[in-house]
Amino acid sequence: MPPSPQPTAVAYTARRIARHLRWMRTEGLRRLVEEDRLNPVERAGTALAKRRWRRTHGVSPGQARPVYVVGLQRSGTNMLMRGFDAAPEFEVRNENDRRVFYRFQLRSDETLTAVIGASRHAYVLVKPLCESHRIDELLALPGPAPGRAVWVWRDVDDRARSEVAKFGDSNLRALRGIADGTIGDEWQGQRLDGEARALIGDFDYDRMTPHTAAALFWYVRNRLFFSLGLDRRADVLLSSYDALVDDPEAATRRLCDFLGLRYDPRLCAHVERRAPRRRPLDIDPRIRTLCDGLTDQLVAHHG
């Protein structure tokens, strides 16, 4: 299968600017600043707190525990990352961190392990969403401290609505590429089993809406949690965005227990508590049935 052509630096930058402008028009400047952590005062305060922690409590290089936040884009992972960034014992490497990522994908396993090994924090929090299908391999990377992974999922309709608002028809284009064999080595087509590939190949993408495509992509990617056997691993925690906004303290305590971290109210102080409300989109009935079934599985596993 031929590799997919990569956009030039100019084209890639132009695409990112257009995406940010679309997001700002639909969600507002405040959301953009909050999501991309663009407030310089907040960032400076966080950096100072971490520097103080390293000076007084810093661990020796090579002792940090890697924690991978994975799942699917537009599932609330930024909210989780922002909360744990408030804990000074965490070194946070988000997907726009150029030391570890290139165009939101991990540079190499060697680069990742080198950055983790050099850290003087107790935890290194990394968000390789494009490598969610490799989380079992990332957890197997060598290191003195065993890693942990948090797979974050969100209501399919809310996620699809957010995906289309920010990324347009990107999921539709990816699914079409998988179906017609032109996806190349892009991450969207990696480690899909025969059942998933057969399902993707059974639709007409010239007639599919972006929201229906986003729902199908939600199904295919979140299905990996079970098809890769992550539901049977003690080092992988399924975390619900909807549970976090419904009860921030309870959800954060659950995460802290999993990581062996003392609960601190600052970890969820930024979360606005609200009851999740389901607002179904008009999507293909067959895909709706699949998503509802997977939702039941995720809810049952989350508990």
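Within any chain, residue numbers begin from 1 and follow the written order of that chain's sequence. Predicted model: local features are reported for residues with pLDDT of at least 70 only, side-chain atom pairs are reported and counted for 80 or more only, and whole-chain, interface and lining totals are derived from all residues. Note that the side-chain values use all heavy atoms of the structure and ignore hydrogens as well as water.

Q: In this structure, what is going on with the side chain of Asp235? I would like to understand it.
A: Put simply, DSSP marks the helices as runs of H or I at least four residues long and the strands as runs of E at least two long, and each gets a number from the N terminus on. Positionally, Asp235 belongs in the loop between α10 (210-227) and β7 (236-240). A distance of 2.9 Å separates a polar atom in the side chain of Asp235 from a polar atom in the side chain of Arg233. For the purposes of these results, a polar contact is taken to be a pair of N or O atoms within 3.5 Å, where, inside protein, one atom must be able to donate a hydrogen and its partner to accept one; residues adjacent in sequence count only when each atom of the pair is a side-chain atom.

Q: Even after reading the chapter, I still don't get the environment of Leu298, so can you show me in this structure?
A: Among the secondary structure elements, Leu298 is positioned in helix α13 (residues 285-302). It is 9.8 Å that separates the C-alpha atoms of Leu298 and Arg154, two residues lying 144 residues apart in sequence. Look past the residues within four positions of Leu298 in its chain and what remains in contact with it is Trp153, Trp218, Asn222, Phe226 and Leu238. Between two residues, a contact is recorded if the distance between any of their heavy atoms is within 4.5 Å.

Q: Is there a simple way to explain the packing of helix α8 (residues 170-180) against α10 in this structure?
A: Inter-axis angles, ranging from 0 to 180 degrees, are taken between N-to-C directions of lines fitted to C-alpha atoms, where helices are fitted over the stretch in contact. The interhelical angle for the contact between α8 and α10, taken along N-to-C directions, is 65 degrees, at an axis separation of 8 Å. In the packing of α8 onto α10, the handedness of the crossing is left-handed. Facing Asn171, Leu172, Ala174 and Leu175 of α8, the residues of α10 in contact are Ala213, Ala214, Leu216 and Phe217. Partitioning the contact of α8 with α10 into residue classes produces 7 nonpolar, 1 polar and no charged. Handedness of a helix crossing follows the sense of rotation of the near helix relative to the far helix, less than a right angle counterclockwise being left-handed and clockwise being right-handed. Nonpolar residues are Ala, Val, Leu, Ile, Met, Phe, Trp, Tyr, Cys and Pro. Charged residues are Asp, Glu, Lys and Arg, and all others, Gly as well, are polar.

Q: I would appreciate a short explanation of the pattern of salt bridges in the present structure.
A: Two side chains of opposite charge can pair, provided their charged atoms sit close to one another. Between Lys or Arg on one side and Asp or Glu on the other, a salt bridge is scored when a side-chain nitrogen of the former is within 4 Å of a carboxyl oxygen of the latter. The final tally for this structure, using the stated rule, is 25 salt bridges. Glu137 is the partner of Arg191 in a salt bridge, and the nearest nitrogen-oxygen pair spans 3.7 Å. One end of the pair, Arg191, is in the loop between α8 and α9 (194-200); the other, Glu137, is in helix α6 (residues 135-139), with 54 residues separating them in the sequence. Overall, Arg191 belongs to the partly exposed group, its relative accessible area being 34%. The salt bridge partner of Arg273 is Asp247, with a shortest N-O separation of 4.0 Å. Of this pair, Arg273 sits in the loop between α12 (248-259) and α13 while Asp247 sits in the loop between α11 (241-246) and α12, placing them 26 residues apart in sequence. Residue classification places Arg273 among the exposed residues on the basis of a relative accessible area of 56%. Burial classes: relative accessible area under 20% of the type maximum marks a residue as buried, over 50% as exposed, and values in between as partly exposed (1.4 Å probe, protein chains only). In this structure Asp247 comes out as partly exposed when scored by relative accessible area, which is 27%. Via salt bridges that share partners, Asp109, Arg134, Asp136, Glu137 and Arg191 belong to a single interconnected network.

Q: Would you mind showing me how to read the sheet that holds strand β6 (residues 148-153) here?
A: Pairing between the strands of a sheet is mediated by backbone hydrogen bonds and can be parallel or antiparallel. When DSSP locates at least two bridges between a pair of strands, those strands are taken to pair. The parallel open sheet is built from 5 strands, whose spatial order is β2-β5-β1-β6-β7. Since the sheet does not close on itself, it has two edges, and those belong to β2 (90-93) and β7, each with one partner. Adjacent strand axes in the sheet meet at a mean angle of 20 degrees when their direction is disregarded. The strands touched by α10 within the sheet are β6 and β7, with β6 carrying the most contacts at an inclination of about 150 degrees.

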